[in-house]
Amino acid sequence: MLVLLPPSETKSDGGTDVPLDLGELSMPQLTAVRDRLVDELTKLATDPDASRAVLGLGKGADSEIARNAALRTSPTRPALERYTGVLYDALDANSFSKPQRAKAYARLGIGSALFGAVRASDPIPAYRLSGGSKLPGLPTLSAVWRDSLADALLAEAAGDLVVDLRSGTYQQLGRVPGAVTANVLTEHADGSRTVVSHFNKHHKGLLARALVLTRAEPTDVRGLAMVADKAGLRTEIASPTELLIIT
């Protein structure tokens with residue numbers, strides 16, 4: 001099973017590992033595109049005004065630009081520790097035992113505008129680049145990744161179930177045919193249902209945690225629902241490739 005998480009805009013600082021080595025990342029077929037994007041993002045960081053415009057940053061975000069300037073020299077840490085925020089708080093990887101962390105490394109992947117996708121164990125630096133950004137002189141990131149990312153993810157899954165918890169922006173970078181998606185809906189007193197961003201991220205984090213901790217190996221949406229239900233989530237199967245989580 002391969003569970004694909006979305007990245008987050010917020011990332012932890014520092015790290016204890018050596019600087020970025022693209023050759024050490026999973027899915028080496030993506031190395032050429034990664035190398036090009038790292039070069040372009042580092043170059044962009046030499047122009048703070050252009051960086052703010054391209055990345056949608058305010059004037060107080062110089063630390064984000066500095067992160068990009070140091071992409072090839074700053075320390076790295078496993079991607080599972082790099083990304084932060086609501087989903088990753090719910091995942092609560094810090095509470096994993098060593099065997100559970102090993103399972104997380106085996107089961108979790110994380111989408112990335114800069115790296116396409118990485119395994120949870122891949123050592124990466126802090127950076128700032130969103131899936132909807134467009135770097136100068138390049139097409140959209142969905143166009144940059146389209147030809148390589150989907151194939152790389154299929155190869156990485158090796159025929160196992162793919163649970164795609166990425167947001168729409170990151171799914172567009174490389175869709176995985178046949179992947180099961182999970183959508184979170186809040187049910188109101190009148191029976192209507194709506195999507196609420198905070199609950200979406202929180203409950204996807206809880207689902208990802210359940211998929212790390214379970215001993216089961218789901219092969220379809222029904223198996224996925226069973227794991228989620230056992231973890232206390234309320235689910236409905238919308239289709240063979242869509243699970244609903246109701247809050």
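This structure is a prediction, so every number in the text was calculated from the model and none was measured.

Novice: In this structure, what is going on with empty space enclosed by the protein? I would like to understand it.
Specialist: Remark: the empty space left among the atoms is shown by a probe the size of a water molecule rolled over them. Throughout the structure, instances matching the rule amount to one cavity of 30 Å³ or more. Volume-wise, the largest cavity comes out at about 40 Å³. Lining the largest cavity are Pro 7, Ser 8, Glu 9, Lys 11, Tyr 83, Ser 112, Ala 113, Tyr 127, Leu 129 and Tyr 170. A class-by-class count of the residues in the lining of the largest cavity yields six nonpolar, two polar and two charged.

Novice: Please explain the pattern of salt bridges as it appears in this structure.
Specialist: Where charged atoms from two side chains of opposite charge approach closely, those side chains can pair. For the coordinates displayed, the defined rule picks out 17 salt bridges. Here Arg 101 and Glu 81 are joined by a salt bridge, their closest N and O atoms 3.4 Å apart. Placement of Arg 101 in helix H6 (residues 98-107) and of Glu 81 in helix H4 (residues 79-82) is noted, with a sequence separation of 20 residues between them. With relative accessibility at 17%, the residue Arg 101 sits in the buried group. Where Glu 217 meets Arg 107, a salt bridge forms, and the shortest distance between an N and an O atom there is 2.8 Å. With Glu 217 in the loop between helix H10 (197-213) and helix H11 (221-230) and Arg 107 in helix H6, this residue pair connects regions lying 110 residues apart in the sequence. Taking relative accessible area as the criterion, Glu 217 reaches 51% and is therefore assigned exposed.

Novice: How should the packing of aromatic side chains be read in this particular structure?
Specialist: The geometry of an aromatic ring pair is captured by the separation of the ring centres together with the interplanar angle, meaning the angle of the planes. Counting across every chain of the model gives three aromatic pairs. Look at Tyr 83 and Tyr 127: their rings are 6.4 Å apart centre to centre, the planes differ by 85 degrees, and that puts the pair in the edge-to-face class. Taken together, the residues span a long stretch of sequence, with Tyr 83 in the loop between H4 and helix H5 (86-91) and Tyr 127 in the loop between strand S6 (123-124) and helix H7 (141-146) at a distance of 44 residues. An identical accessibility class is assigned to Tyr 83 and Tyr 127; each is buried. Ring centres of Phe 115 and Tyr 127 lie 5.6 Å apart, and the angle between their planes is 85 degrees; this geometry places the pair in the edge-to-face category. With Phe 115 in the loop between strand S4 (108-112) and strand S5 (116-119) and Tyr 127 in the loop between S6 and H7, this residue pair connects regions lying 12 residues apart in the sequence. Given the relative accessible area of 1%, Tyr 127 is considered buried. Here the aromatic cluster, defined as three or more aromatic residues joined through ring pairs, consists of Tyr 83, Tyr 88, Phe 115 and Tyr 127.

Novice: Teacher, can you tell me more about H10 here?
Specialist: Residue pairs three or four apart in sequence face the same way in an α-helix, which turns once every 3.6 residues. If you check H10, its first and last C-alpha atoms are 25 Å apart, about what 17 residues at 1.5 Å a residue would give, namely 24 Å. Regarding H10, the residues found buried are Asn 200, His 203, Lys 204, Gly 205, Leu 207, Ala 208, Ala 210, Leu 211 and Val 212.

Rules behind the numbers
Throughout, a residue's number is its position along its own chain's written sequence, starting from 1. Residues qualify for local features only when their pLDDT is at least 70, as the model is predicted, and side-chain atom pairs are given and counted only at 80 or more; totals for whole chains, interfaces and linings, by contrast, use all residues. The side-chain numbers reported here are obtained from all heavy atoms of the structure, hydrogens and water having been left aside. Site definitions follow a grid-based scheme: protein atoms alone, a 1 Å grid, a 1.4 Å probe that fits but cannot get out for cavities, and for pockets an open set with protein on both sides within 12 Å along at least five of seven lines, plus lining residues having an atom within 4 Å of a point. Grid points are joined across faces, edges and corners, and a volume is the space filled by probe spheres set on the points. Put simply, Ala, Val, Leu, Ile, Met, Phe, Trp, Tyr, Cys and Pro go in the nonpolar bin, Asp, Glu, Lys and Arg in the charged bin, and everything else, Gly too, in the polar bin. When a carboxyl oxygen of Asp or Glu lies within 4 Å of a side-chain nitrogen of Lys or Arg, that pair is called a salt bridge. Segments assigned H or I by DSSP are reported as helices when at least four residues long, segments assigned E as strands when at least two residues long, and all are numbered from the N terminus. For each residue, the accessible area found with a 1.4 Å probe, counting protein chains only, is set against the maximum for its type, and the residue is called buried under 20%, exposed over 50%, and partly exposed in between. Within 6.5 Å between ring centres, the rings of Phe, Tyr and Trp (the latter by its six-membered ring) count as paired, and their orientation is classed by plane angle as stacked under 30 degrees, edge-to-face over 60, tilted in between. In this scheme, a helix's expected span is set at 1.5 Å multiplied by one less than its residue total.

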